[in-house]
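Structural characterization, general
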Amino acid sequence: MSTVHLSAITKQFGKVTAVEDLDLLIKEGEFFTFLGPSGCGKTTTLRMVAGFYYPTKGVVKFNDRVMTTVPPEKRNTGMVFQNYALFPHMTVFENVAFGLKVRKMSKEETKKRVEDVLRKVRLDQYAERQVSQLSGGQQQRVALARALVIEPDILLLDEPLSNLDARLRDEMRAEILRLQKEYKITTIYVTHDQVEALTMSDRIAVFNSGKCQQVGTPTEIYNEPVNDFVAEFIGETNLLGVSEAGLGENHRLYHVDALGSKVKVNNTSLNVAGYTENDELRLSVRPEAIEVSAQPVAGENVFPGKVKLVQFTGAAVHTYVEMNDRLTLVGTALNQGPSTYLKEGAEVYVRLPEDQIRIVPKAGV
Amino acid sequence: MLNAEKRRTLVLLIPVVLILTGYVLYPTLRTAYESFLHNGVPSFQNYEDFFGSKAKANLQALWNSVWISLLSVLFSALIGVPLAYIFNRYEFPGRRFFSNIAIMPIVLPSLVGVMAFMFLYGEAGLIPNAIKDLLNLSEVPFKIGGISGILIVHAYTMYPYFYMTTASALSNLDLSLEEAASNLGANRFKVFWQVTFPLLTPGFVAASLLVFMVSMASFSAPFLLAGGFRVLSLQIYFSKINGDLEMAATQSVILSIVSIAFLLFMRWYQGRKDYRMASKGIGAHRSEVNNPMLKWTMVTLGVFAVIILLLPHATLLILSLVPEGTWTWQTYPAVFNLENYKMLFDTPYIWEPVRNSLIMAVIACFGVFVFGIFTSYALVKRNFIGKNLLDILVMIPWALPATVIGMNLILAFNSPNPFSFGQILVGTFWILPLAYFIRFLPLVVRSTNAVLEQLDDSIEEAAQNLGAKWFYTFRKVVIPIIMPGVLSGTLLAFVQAVGEFPTSVLLYTIGNRPISIEIMNQLRMFNIGQAAAYGMIQVALIAVVMFISSRFLGVKAEKSLG
Ligand SMILES: Nc1ncnc2c1ncn2[C@@H]1O[C@H](COP(=O)(O)OP(=O)(O)OP(=O)(O)O)[C@@H](O)[C@H]1O
Ligand SMILES: [Mg+2]
């Protein structure tokens, strides 16, 4: 087990900067996730931890050991590849035993350990199978077993579930978490599936175009995004351009250009992210926070609008409200039965609760 | 400072570059240099002689080579494409058998094939004479020889290129495309010309270029059949025999330029974005032929094709049973026994060429095997400056006609140089294994490239990640995975080396004369039976290799042709 410390890491491929000025400290035993859109540098970062790439600038440390240019075979990390990368000419047993054989472990010890780990991933029946004769989920578990059996200091997983169907994905998620807890192993997990990230992780780093935007627990990332990119990338949100318009006792005022009026926002760190004078500002409000009602509602930040579309998704109902020709807001409510659905074309009132709004700066590019 | 990765690449590259420079690049340049010498003095005289009025024969030979090649492309296409279409698109009794036989011409080494054709359809050929006797004619109704002979042999041996590319394109063709076209209202004719045909064109172009190159380089057919007809590859041989090495060099340069131009054109063409199918390969669906007339027409066609295709093999087998001196003035051979095969095994003088061929082919293939793996690995899995150049360098021996490779080696190694360790190699045993090594290196590199490209980088990374050093990974992971591909390439190189004629005829000595040279000798002495028996050995070897490849290495015979 080991911490992973990346400081001031930059990686360039020729002219392309894949990762820029990255600082991260991953704690011992932590389940840490890299989340971000395609091409944002997640894999590149993971591969620098594994040693397949060396950073152009910066230092990689495991605990206090500098690992920046140590070759991959000397790092004792266990990696699960996106395509599993199982050795096609070996059986399940031989695949899993490979790392131990390299470490010159005795035959009996190898056998014991491999059988042990195969039992843990519930594949003890399949030890002598050729890997090509396994299903996707089974192959995945072989890959996991192969990475775990060497007792790595760090477990690295690059979108390990992206090739699986939805049901199997759920199952494997649980499996990975169970094994991670059992081995108490520092784990870095790469995904661009936000549900996966939110449900599994201790902490998440959100990447965009080579830069780490925010590091935090799933609730922090969701409830207190540091900028509009994070707010928009994680979950759904309504984003409106705003500018500062005054300071009250316990609240602040922002002018919403698209509404042509001011909104009131609680003056807490939960509602207002840190920003500087030069930042462009955005107001983010989650659909589930917005109240839409046919009757006039009391309170602050109430605006009239007209229902454009009602979308039924099963558990939830999305109501699209056209505020004016420049702005449509989405509100989401849990399904309470047909009598509560609004009619398309109906005049309604929309409330943006001042304690649910978050003001964020626009992400730099 | 170089990191470990770079150092490894360098260590890998040094031997590769050294060998390619010494045995491919240097001889090629040496030939180019020699072509500008006239009686040892630098001049353009040779080129003036080539293109000038003085030696019309050369220009004529170049022109002959070109149009013979164009016609070979045409005929090969006319046979290969319809055959592939019929055997792969329609289901009728015996289809599988016919389609397997269709590639049988590959199983005939070129010299042996030409020989079989000579005895089948030539002046004293069995077929023309049989027809003559059957119909009581006073003259043979037809005979092949000269141009017609060359063309027929070319069409027979080269149509499989068209057959195989068309067959594989057809099986990769997504049938839903054709169905979509019909669904949109196109009739069968329109569907073929507007959908199917355009999708097959890239394959046709590739096959055409290949056939053109192969027939430009063709040596055995003109050698045995041309009579007074001149083609460029043969001119090189005559210049060399007449001792005019400088002219031979000039002719080689010109033939090489044509061939390499085609190689570059082909690389460019294949590198373009072509319309490869996006959807997953669906096993070709064949239309059942229900109309009995049509069905039996097809079956008849199939039977007919099979007979024609296998006649040379059968002829060879029959001739190999004819003992020496029993078929002289008679129209047909009358005595058959196993004498020739017996002689092979109990007469040292007869056996020696077989032994020579086997030994030299084994040496060459061992070299090609080891060197091919490393070269291919460097080319596919490593990044370095000049990779493209190295790639072209490896492929040069493939693009160059065998005659030119032979000339290159003569000119490079008839004087001592560092790459021959200060020895004169020409006239020694070693020059032939070297020639085979160079000739067949591209074949192994290509088949190894194909498997290495399939091998995902992450497999190696996974091994490294588990703690394996590079060489351990290479031995325990990479090599076992690519072995079938490499082996099938090497085996193919082996059988081709055993039968290799053009470089052998330029470079052999009495001590290492290989099978192909001995076949020539036997033919000269009209001992046809023994020549055919040598040929049968090669056919048997090829059959065994193909069996091994398809059975144990999982490589289809079609694929191994490269
Ligand atoms: N070997 C390489 N050579 C050149 N550019 C590269 C290389 N590897 C990655 N890049 C570039 O670096 C950027 C980041 O790539 P990376 O693979 O890390 O993205 P990712 O976040 O893993 O994306 P995905 O979710 O699609 O896997 C991309 O723009 C990519 O094109
Ligand atoms: Mg990735």
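All values reported here derive from a predicted model rather than from experimental measurement.

A short note on the overall build of chain B
For chain B, the count of helices and strands is 24 helices and 4 strands. Rg of the C-alpha trace for chain B: 25 Å, near the compact-globule value of 24 Å for 562 residues, within the 12% margin. Dimensions of chain B, computed from the C-alpha atoms along their principal axes, are close to 85 × 70 × 55 Å. Of all 562 residues assigned to chain B, the portion counted as buried reaches 53%. When contacts within chain B are restricted to residue pairs at least 6 apart in sequence, those whose partners lie at least 24 apart make up 76%. Here chain B displays about 25,500 Å² of accessible surface, and carbon together with sulfur accounts for 67% of that area.

Focus on the site of ligand 1
All names here are of chain A. Surveying the vicinity of ligand 1 reveals the residues Phe13, Ala18, Ser38, Gly39, Cys40, Gly41, Lys42, Thr43, Thr44, Tyr53, Glu159 and His192. Note that an oxygen atom of ligand 1 is positioned 2.7 Å from one of the backbone N or O atoms of Gly39. One of the side-chain N or O atoms of Thr44 is found 2.4 Å from an oxygen atom in ligand 1. Protein burial of ligand 1: of its 640 Å² of free accessible surface, 63% is covered by the chains. Take the shell around ligand 1: its biggest share by element is 3 residues, from helix α1 (residues 42–50). Of the residues that constitute the shell around ligand 1, the class distribution is 4 nonpolar, 6 polar and 2 charged.

As for the UniProt feature "domain: ABC transporter" (unreviewed entry) in chain A
Following the UniProt record, one finds the feature "domain: ABC transporter" (unreviewed entry) at residues 4–234 of chain A. Measuring from the first to the last C-alpha atom of residues 4–234 of chain A gives 25 Å, for a span that is 36% helix and 26% strand.

Brief notes about the pairing of strand β13 (residues 261–266) of chain A
Residue and element names in this part refer to chain A. Here 6 bridges tie strand β12 (residues 251–256) to β13, and the two strands are oriented antiparallel to one another. From the neighbouring strand, His255 faces β13, where its bridge partner is Lys262. The antiparallel pairing of β12 with β13 creates a hairpin that spans 4 residues between the two strands, and Gly260 there sits at a positive phi of about 65°.

As for the interface of chain B and chain A
In many analyses, interface size is given as the accessible surface area lost on bringing the parts together. Contacts between the two partners involve 18 residues from chain B and, on the opposite side, 25 residues from chain A. For chain B, the biggest contributors to the area lost against chain A are Glu461, Asn465 and Leu466 of chain B; these three give 36% of the whole. Here chain B and chain A share 1 salt bridge between them. Across the pair Glu461 of chain B and Arg47 of chain A runs a salt bridge whose closest N-O atoms are separated by 2.5 Å. Here chain B is connected to chain A by 8 residue pairs in polar contact (both at pLDDT 80 or more). At the level of secondary structure, the elements contributing two or more residues to the side of chain B that touches chain A comprise α19 (457–465) and α20 (470–499) of chain B. Each residue belonging to the side of chain B that touches chain A can be placed in one class, and the counts come to 9 nonpolar, 5 polar and 4 charged.

Thoughts on the nonpolar core
Among the nonpolar cores identified, the biggest contains 230 residues, and Phe98 of chain A together with Tyr163 of chain B are the most heavily contacted of them. If you tally residues by element for this core, the top one is α20 of chain B, at 14 residues. What Phe98 of chain A contacts, discounting residues up to four positions off in sequence, is Phe87 and Met90 of chain A together with Ala463, Leu466, Ala468, Tyr472, Lys476 and Val477 of chain B.

Regarding the pattern of salt bridges
For the structure on display, the rule yields 26 salt bridges over all chains. Notably, a salt bridge pairs Glu91 of chain B with Arg95 of chain B, separated by 3.5 Å at the nearest N-O pair. Overall, Arg95 of chain B belongs to the buried group, its relative accessible area being 5%. Among the salt bridges present, the one from Lys381 of chain B reaches Asp457 of chain B, with a minimum N-O distance of 2.9 Å. A residue pair is termed long-range when its members are at least 10 positions apart, and Lys381 of chain B in helix α15 (residues 348–381) and Asp457 of chain B in helix α19 qualify at 76 residues. Under the relative-accessibility criterion, Lys381 of chain B is labelled buried at 17%. A relative accessible area of 44% means that Asp457 of chain B is categorised as partly exposed. Here the salt bridges do not stand alone but share partners, grouping Asp116, Arg119, Lys120, Arg122, Glu175, Arg178 and Glu182 of chain A into one network.

Thresholds, definitions, all that
- Residues numbered from 1 in each chain as written.
- Chains lettered and ligands numbered in written order.
- Predicted model: local features only at pLDDT ≥ 70, side-chain atom pairs only at ≥ 80, totals over all residues.
- Heavy atoms only, no water.
- Helix = DSSP H or I, 4+ residues; strand = E, 2+ residues; numbered from the N terminus.
- Rg over C-alpha atoms; globule rule 2.2 N^0.38 Å.
- Buried < 20%, exposed > 50% of the residue type's maximum accessible area, 1.4 Å probe, protein only.
- Contact = heavy atoms within 4.5 Å.
- Areas by Shrake-Rupley, 256 points an atom, 1.4 Å probe, with all protein chains shown as cover.
- Near = heavy atom within 4 Å.
- Polar contact = N/O pair within 3.5 Å; in protein donor to acceptor, adjacent residues only side chain to side chain.
- Nonpolar A, V, L, I, M, F, W, Y, C, P; charged D, E, K, R; others polar.
- UniProt positions renumbered as here; feature names shortened; annotations may be inferred.
- Pairing = 2+ DSSP bridges.
- Buried area = accessible area lost by both parts, 1.4 Å probe.
- Salt bridge = Lys/Arg side-chain N within 4 Å of Asp/Glu carboxyl O.
- Core = buried A, V, L, I, M, F, W, Y, C linked by side-chain atoms within 4.5 Å.

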